[in-house]
Amino acid sequence: MYQFTIVEPFNYPLRQTYEATTKEFDPLQPYIPNVTLIKTLECTEISPHCVRWYLRFHGDGAIPAIARPVINPTMLRWNEILICDHEHLTIEWEIIADHFTEHVHCKGITYYHEAPHGTNVEIQGTFAITLDHLPGLPDYVVKKAVNIVEVFIGKLIEPSVIRVYQAVKQRMEDELNKKG
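Residues numbered from 1 in each chain as written. Predicted model: local features only at pLDDT ≥ 70, side-chain atom pairs only at ≥ 80, totals over all residues. Heavy atoms only, no water.

Visitor: I'd like a description of the pattern of salt bridges, backed by residues and values.
Guide: Scanning the entire structure with this criterion turns up three salt bridges. Across the pair K169 and E8 runs a salt bridge, and its minimum N-O distance is 2.5 Å. Taken together, the residues span a long stretch of sequence, with K169 in helix α2 (residues 139-179) and E8 in strand β1 (residues 2-10) at a distance of 161 residues. Neither K169 nor E8 differs from the other in exposure class; each is buried. The partner of R52 in a salt bridge is E42, with the nearest N and O atoms 3.3 Å apart. One end of the pair, R52, is in strand β3 (residues 50-59); the other, E42, is in strand β2 (residues 35-47), with ten residues separating them in the sequence. (Salt bridge = Lys/Arg side-chain N within 4 Å of Asp/Glu carboxyl O. Helix = DSSP H or I, 4+ residues; strand = E, 2+ residues; numbered from the N terminus. Buried < 20%, exposed > 50% of the residue type's maximum accessible area, 1.4 Å probe, protein only.)

Structure follows, in structure tokens:
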């Protein structure tokens, strides 16, 4: 299992940062390179303080030639579930891949902390591949390959998460510039 922690600073107060990062996801798409679609499939109030978002993403990255026989563009699509707790200022999140869903797991929790400059958004997550057997290959080879791929993909997730929060910051700056 690959674990990661990302801290992304925002030059905005705690509540303003939380509100900006837990609403209106679809308009973020133009701000995020390599994402061609963000669509809200569902937004449901699950308690007086919690909202559940169900989002659809389409990625568009350059697939290296060596990986093209195994990875195709439709594999760069996923759903995200966000449980936004407005009382505790947290987001529980899960990414659900379109392919290999039963073997690929990515989830975590996001915390918001006041900081001297405004707010630190702390994203804690895990990425795991639960595949330990493939017909025709020794199990130890499969496990070794899984460990390598987990780290490789885990390290790709981190900059993608940062890009989303940078997109929110850019949107916040654009909104401020429009006001005055």
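Visitor: So what's going on with the pairing of strand β7 (residues 118-129)? Which residues, and what values?
Guide: Every other side chain in a regular strand lies on the same face of the sheet, so the side chains alternate between the two faces. The buried fraction of β7 is high, at nine of twelve residues. Where β1 and β7 come together, nine bridges link them in antiparallel fashion. Across the sheet, P9 pairs through a bridge with N120, a residue of β7. Note that strand β6 (residues 104-115) and β7 share twelve bridges and pair antiparallel. Following the sheet pairing, A115 is matched in β7 by G118. As consecutive antiparallel partners, β6 and β7 are separated by two residues. (Pairing = 2+ DSSP bridges.)

Visitor: Can you lay out the packing of aromatic side chains for me, pointing to particular residues and giving the numbers?
Guide: According to the stated counting rule, one finds six aromatic pairs in the structure shown. Ring centres of F10 and Y165 lie 6.3 Å apart, and the angle between their planes is 90°; this geometry places the pair in the edge-to-face category. Taken together, the residues span a long stretch of sequence, with F10 in strand β1 and Y165 in helix α2 at a distance of 155 residues. With a relative accessible area of 0%, F10 lands in the buried category. Note on Y165: relative accessible area 11%, which makes it buried. Feature note: the residues Y2, F4 and W93 constitute an aromatic cluster, connected by ring pairs. Above the plane of the ring of F10 lies K169, whose end atom (NZ or CZ) is 5.2 Å from the centre. (Phe/Tyr/Trp six-rings, centres within 6.5 Å; stacked < 30°, edge-to-face > 60°. Lys NZ or Arg CZ within 6 Å of the ring centre and 35° of its normal.)

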